[in-house]
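# Descriptive structure summary
Okay, here's what each chain looks like letter by letter:
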Amino acid sequence: MIRALAALLLAAAAVVPAGAEPVALTFDDLPVFGVKRPVAEQAAITKKLLAGLVRHHLPATGFVNEINLEGPDRPARVALLTAWLDAGMDLGNHGYSHLSLTTTPVADYIEDTAKGDAVTKALLAARGRQERWFRYPFLETGPTLAVRRTFEDWLASAHYRVAPVTLENADYEFADPYDAALIAGDRKRARAIRREYIAYSAAAVAWYRSAALALFGRRPALVWLLHASKLNADSIAALARIIRHAKLAPVTLDTAMADPAYRTPEDYAGPDGNEWLERWSLTLHRELPWGSMPKVPGEIEVASARLSDPDDEHGTP
Ligand SMILES: [Zn+2]
């Protein structure tokens, strides 16, 4: 059943209506983002997220941290990755242990990335497919251009392409307080966080579309960074509504990346994990409309900061 639905999903997504702006969804930190949960809970989250993606004809690529498969429940956690492929989705490498290239020596970072595809690559190969996409953890691409080139030369030799990000809605900031509210049994608080998340997401989509238009003078395909969280599993219908109202056309990452905008050079080097509109804006010396960028509600920022690891200085997971 799910395989038949998945085939329909891909067929529907292959046709982009004229004038619609393509958007590819990407979900990081697979199998499941956030607090360490029993595998049965992870399975429920994965099932709900994938069912929502299939129901709303949203192709997606999931980026895996294979360190999160380790432990006694390893086979059951690997089965969660299989579920992504069964649902017609693609999988990519997000590093074995989600290291920062800002603070990790590049040789160690390469070793960790190479180690990060043992399971995923085999699952894809069993279907006659290849693992082709890499997403930088924290979007950190290296403190210097030399480090960046060293790593990206290795990536190319391993037949990977970088999956950039041109749309994000700070979903990770909402996801931790949402999980905390549910763990505390405070459903009212969880509902309130979800409402704020949906409102912020609609505003973020509008802003990134306007920023991309300002940068390119046209509306390029977008690549949306999300996380495989319970928040997104519970919000997928609302996110699909936002996509419909914005008249975005859901496509695969491959289709979005065929947009020539993604061949725009950018030579950012530094400690920050910037998304790609900002990188291109720096390289092309074209301003983005920062003044109109929506702000994450203050109380969500405070709650998220309180829950995050005090040793972790990175913004985007
Ligand atoms: Zn991540």
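Within every chain, residues take consecutive numbers counted from 1 along the sequence as written. Reporting in this predicted model follows two pLDDT cut-offs: at least 70 for local features of residues, and 80 or more for side-chain atom pairs to be given and counted; totals over whole chains, interfaces and linings ignore these cut-offs and use all residues. Only heavy atoms go into the side-chain values, all of them from the structure, while hydrogens and water stay out.

## A word on the overall build of the protein
Convention followed: Secondary structure follows DSSP: runs of H or I at least 4 residues long count as helices, runs of E at least 2 residues long count as strands, and numbering of each begins at the N terminus. Accessibility here uses a 1.4 Å probe with only protein chains present; expressed as a share of the type maximum, an area under 20% marks a residue as buried, one over 50% as exposed, and anything in between as partly exposed. For this analysis, residues touch if any pair of their heavy atoms sits within 4.5 Å. For the purpose of charge, His is not counted, nor are the chain termini; Lys and Arg are scored as positive and Asp and Glu as negative. A charge is said to be at NZ when it belongs to Lys, at CZ for Arg, at CG for Asp and at CD for Glu.
When its secondary structure is counted, the protein shows twelve helices and eight strands. Principal axes of the C-alpha set define a box for the protein whose edges measure 50 × 45 × 40 Å. Across the 317 residues that make up the protein, the buried fraction comes to 52%. Counted over contacts in the protein with a minimum sequence separation of 6, partners at least 24 positions apart contribute 83%. Seen as two clouds, the 35 positive and the 39 negative side-chain charges of the protein have centres 10 Å apart.

## Examining the coordination of the zinc ion
The cut-off we apply is this: Counted as donors are the N, O and S atoms within 2.8 Å of the metal, or 3.2 Å for Na, K and Ca, while water is not among the atoms, so some sites may look incomplete.
Here the zinc ion is held by the protein donor atoms Asp-29 (OD), His-94 (NE2) and His-98 (NE2), which lie 2.1 Å from it. Along the chain, the residues that donate to the zinc ion are spaced as D-x64-H-x3-H. Remark: His-98 occurs in the loop between strand E3 (90-93) and helix H4 (106-115) and Asp-29 occurs in strand E1 (residues 21-30); sequence separation between them is 69 residues. Across this residue pair, the class does not change: Asp-29 and His-98 are buried.

## Focus: the packing of aromatic side chains
Which entries qualify depends on this criterion: Here a pair means two rings of Phe, Tyr or Trp (six-membered ring of Trp) with centres within 6.5 Å. Their orientation is stacked below 30 degrees between planes, edge-to-face above 60, and tilted elsewhere. Remark: a charge is flagged as sitting over a ring if the NZ atom of Lys or the CZ atom of Arg is within 6 Å of the ring centre and within 35 degrees of the ring normal.
Evaluation of the coordinates by the stated rule reveals twelve aromatic pairs. Judged by centre distance (4.9 Å) and plane angle (90°), the rings of Trp-207 and Tyr-208 are edge-to-face. Summarising the burial analysis for this pair, Trp-207 and Tyr-208 share the class buried. Over the aromatic face of Phe-63 sits the side chain of Arg-135, whose NZ or CZ is 4.8 Å from the ring centroid. Its guanidinium or amino end placed over the ring of Trp-276, Arg-279 lies 4.2 Å from that ring's centre, counting from NZ or CZ.

## So, the environment of Ala-60
Here Ala-60 lies in strand E2 (residues 60-64). The spacing of Ala-60 and Gly-298 is 238 residues in sequence and 30 Å in space, taken between C-alpha atoms. Beyond its immediate stretch of four places on either side in the chain, Ala-60 contacts Leu-25, Phe-27, Leu-53, Trp-84, Met-89 and Asp-90.

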